[in-house]
Amino acid sequence: MQVFVTRALPGGALDTLRALPDVACDVWPDDEPPPYETIRDRVPALDGLLCLLTDRIDAPLLEAAPQLRVVSQMAVGVDNIDLAAATRLGIPVGHTPGVLTETTADLAWALILATARRLPEAERFLRAGSWRHWSPGLLLGRDVHGATLGIVGMGAIGAAVARRARGFDMRVLYSSRSPKEVPDARPVPLDELLRDSDIVSIHCALTPETRGLIGRRELELTKPSACLINTARGEIVDEGALFEALSAGRIAAAGLDVYEKEPLPADSPLLVLPNVVLLPHVGSATLETRGLMAARAVDNLIAGLRGERLPFCANPDVSPRG
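Structural notes, computed from the coordinates. (Residues numbered from 1 in each chain as written. Predicted model: local features only at pLDDT ≥ 70, side-chain atom pairs only at ≥ 80, totals over all residues. Heavy atoms only, no water.)

1. Some points on the packing of helix 5 (residues 101–116) against helix 7 (residues 156–165)
Then comes step 1: Contact pair helix 5 / helix 7: the axes reach a minimum separation of 9 Å and the direction vectors enclose 55°. Considering the angle they form, helix 5 stands oblique to helix 7. At the point where helix 5 passes helix 7, the crossing takes the right-handed sense. Contacts between helix 5 and helix 7 involve Thr 101, Glu 102, Thr 104, Ala 105, Asp 106, Ala 108 and Trp 109 from the first element and Ala 156, Ile 157, Ala 160, Val 161, Arg 163, Arg 164 and Ala 165 from the second.
Then comes step 2: The class makeup of the residues in the contact of helix 5 with helix 7 is 8 nonpolar, 2 polar and 4 charged. (Axes fitted to C-alpha atoms, helices over the stretch in contact; angles between N-to-C directions. Helix = DSSP H or I, 4+ residues; strand = E, 2+ residues; numbered from the N terminus. Parallel < 35°, antiparallel > 145°, perpendicular 65-115°, else oblique. Left-handed = near helix turned anticlockwise from the far one by under 90°. Contact = heavy atoms within 4.5 Å. Nonpolar A, V, L, I, M, F, W, Y, C, P; charged D, E, K, R; others polar.)

Right under this line is the structure:
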């Protein structure tokens, strides 16, 4: 069986795959993702495909793969994959939920603290040789302890972020599609959350309903002293509206790990703003978590190749090809 892996993976998961006697494993050798055309040209001969969020797996590509038994993605989200087309064609799609919850929550908290306390600005100030003396008004940020945290999307990661907030004696509000049992957190409508929160942290999935969820109108509801954190998906926030709000002082700061277009374009206006902390989509970037994600992706792939039910399937109603 022929398998294509669109990037080298951390940990020993690929060794497990390569050790299978009936599997020929081809791994894309570059750190840059393979072009769409490269994947499309290879899929007609593939039995399995292990891909990443940066790979576009659309209907034409899937339709060009008559013997493809499984697509396994090393990510929780699958918005880069045409799930409806895969289901229609009898191709189960694997993903890696659960593994990165705590790690991504840690990263969200790193952004909360760095943004509220202006840590990147302070480091740049020091490195530039601008620190001449202690000053009572130097680089004043905002307290995190005792503040109000608004969580948009109370799934597993949102709940993990809320749990950490207890250690900071924070008041926690959340907006979600349905009420959740989260200790010391109160469900409120999104508009109320935006008006009352000192820190707004986004943790909802990207869906047609959440695309552009935070736009100009929503940012006008926030406190001028508020910080916006996004570790979910870039398309949930209108970046143009966010730039305008940050530039005009309608919101104090933002901490972003995800963007409407990734990688963030070199001419993005966000890059010139001092009150934005920008990270290159590293929410799950620890040795432990990425290794677990790779292992889970390989487990899904092997199950699909064997015609077995995927341990973690994004389209569980699929009827696999015979």
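2. Concerning the sheet that holds strand 11 (residues 253–256)
Then comes step 1: Strand order in the open sheet formed by 7 strands is 8-7-6-9-10-11-12, and the pairing between neighbours is parallel. Looking at which strands have only one partner, the edges of the open sheet turn out to be strand 8 (185–187) and strand 12 (276–278). Taken pair by pair, the neighbouring strands of this sheet meet at an average axis angle of 20°, ignoring direction.
Then comes step 2: Pairing analysis gives 3 bridges linking strand 7 (residues 171–175) to strand 8, with the strands arranged parallel. (Pairing = 2+ DSSP bridges.)

3. Observations regarding the nonpolar core
Then comes step 1: Counting 50 residues, the largest nonpolar core has Leu 9, Leu 17 and Leu 149 as its most contacted members.
Then comes step 2: Contributions of two or more residues to this core are made by strand 1 (2–5), helix 1 (13–18), helix 5, strand 6 (148–152), helix 7, strand 7, strand 10 (227–230) and helix 11 (287–305).
Then comes step 3: Membership of the second largest hydrophobic core comes to 28 residues, among which are Val 152, Ile 214, Leu 228 and Ile 251. (Core = buried A, V, L, I, M, F, W, Y, C linked by side-chain atoms within 4.5 Å. Buried < 20%, exposed > 50% of the residue type's maximum accessible area, 1.4 Å probe, protein only.)

4. As for the side chain of Glu 121
Then comes step 1: Summarising the element assignment, Glu 121 is placed in helix 6 (residues 119–127).
Then comes step 2: Within polar-contact distance, the side chain of Glu 121 engages the side chain of Arg 118 at 3.1 Å.
Then comes step 3: Filtering out sequence-adjacent residues up to four positions away, Glu 121 remains in contact with Leu 139, Pro 274 and Asn 275. (Polar contact = N/O pair within 3.5 Å; in protein donor to acceptor, adjacent residues only side chain to side chain.)

5. Notes on the environment of Asp 191
Then comes step 1: Within the secondary structure layout, Asp 191 lies in helix 8 (residues 190–196).
Then comes step 2: Classification of Asp 191 by relative accessible area gives partly exposed; the value is 24%.
Then comes step 3: Each C-alpha atom, one on Asp 191 and one on Leu 219, is 9.8 Å from the other, the two residues being 28 residues apart in sequence.
Then comes step 4: Not counting residues within four places of it along the chain, the set of residues in contact with Asp 191 comprises Arg 217 and Leu 221.

6. Section: the packing of aromatic side chains
Then comes step 1: Following the criterion strictly, the structure yields 1 aromatic pair and no others.
Then comes step 2: A centroid spacing of 4.6 Å and a plane angle of 15° characterise the contact between Trp 109 and Phe 168, whose relative ring orientation is stacked. Taken together, the positions of Trp 109 in helix 5 and Phe 168 in the loop between helix 7 and strand 7 put the pair 59 residues apart, joining distant regions of the chain.
Then comes step 3: For Phe 168, a relative accessible area of 28% translates into the label partly exposed.
Then comes step 4: The positively charged end of Arg 56 is found above the aromatic ring belonging to Tyr 36, 3.8 Å away from the centroid.
Then comes step 5: In this arrangement the basic side chain of Arg 296 is found over the ring face of Phe 312, its NZ or CZ atom lying 3.8 Å from the centre. (Phe/Tyr/Trp six-rings, centres within 6.5 Å; stacked < 30°, edge-to-face > 60°. Lys NZ or Arg CZ within 6 Å of the ring centre and 35° of its normal.)

7. What to know about helix 5
Then comes step 1: The end-to-end C-alpha distance of helix 5 is 22 Å, a good match for the 22 Å that 16 residues give at a rise of 1.5 Å each.
Then comes step 2: Where helix 5 terminates, the next one or two residues include Arg 118, which has phi positive at roughly 60°. (Expected span 1.5 Å × (residues − 1).)

8. Observations concerning the side chain of His 203
Then comes step 1: Here His 203 lies in the loop between strand 9 (199–202) and helix 9 (216–221).
Then comes step 2: A polar atom in the side chain of His 203 sits 2.7 Å from the side chain of Ser 201.
Then comes step 3: Excluding anything up to four places from it in sequence, His 203 contacts Ala 108, Ile 151, Val 152, Gly 153, Ile 157, Gly 158, Val 161, Thr 231 and Ala 232.

9. Looking at a nonpolar patch on the surface
Then comes step 1: There is a patch of nonpolar side chains on the surface, built from Leu 126, Trp 131 and Leu 138 and spanning about 310 Å² of accessible area.
Then comes step 2: Summarising the element assignment, Trp 131 is placed in the loop between helix 6 and strand 6.
Then comes step 3: The class for Trp 131 is exposed, based on a relative accessible area of 52%. (Patch = residues over 30% accessible without salt bridge, like charges linked within 9 Å, V, L, I, M, F, W, Y side chains within 5 Å. Areas by Shrake-Rupley, 256 points an atom, 1.4 Å probe, with all protein chains shown as cover. Salt bridge = Lys/Arg side-chain N within 4 Å of Asp/Glu carboxyl O.)

10. Some points on the pattern of salt bridges
Then comes step 1: This structure, assessed with the given rule, holds 17 salt bridges.
Then comes step 2: One salt bridge connects Arg 18 with Asp 15, and the closest N-O pair in it is separated by 4.0 Å. In this pair, Arg 18 and Asp 15 are both assigned in helix 1, 3 residues apart and thus about one turn of the helix distant.
Then comes step 3: The partner of Arg 216 in a salt bridge is Glu 244, with the nearest N and O atoms 2.8 Å apart. Of the two residues, Arg 216 sits in helix 9 while Glu 244 sits in helix 10 (residues 239–248), which places them 28 residues apart along the sequence.

11. Points about unusual backbone geometry
Then comes step 1: Following Glu 262, the chain continues to Pro 263 via a peptide bond in cis, the omega torsion being 0°.
Then comes step 2: As for its position among the elements, Pro 263 is in the loop between strand 11 and strand 12.
Then comes step 3: Even without being a glycine, Arg 118 presents a positive backbone phi close to 60°.
Then comes step 4: Positionally, Arg 118 belongs in the loop between helix 5 and helix 6.
Then comes step 5: Residue Asp 169 is not a glycine yet carries a positive backbone phi of 50°.
Then comes step 6: Here Asp 169 is to be found in the loop between helix 7 and strand 7.

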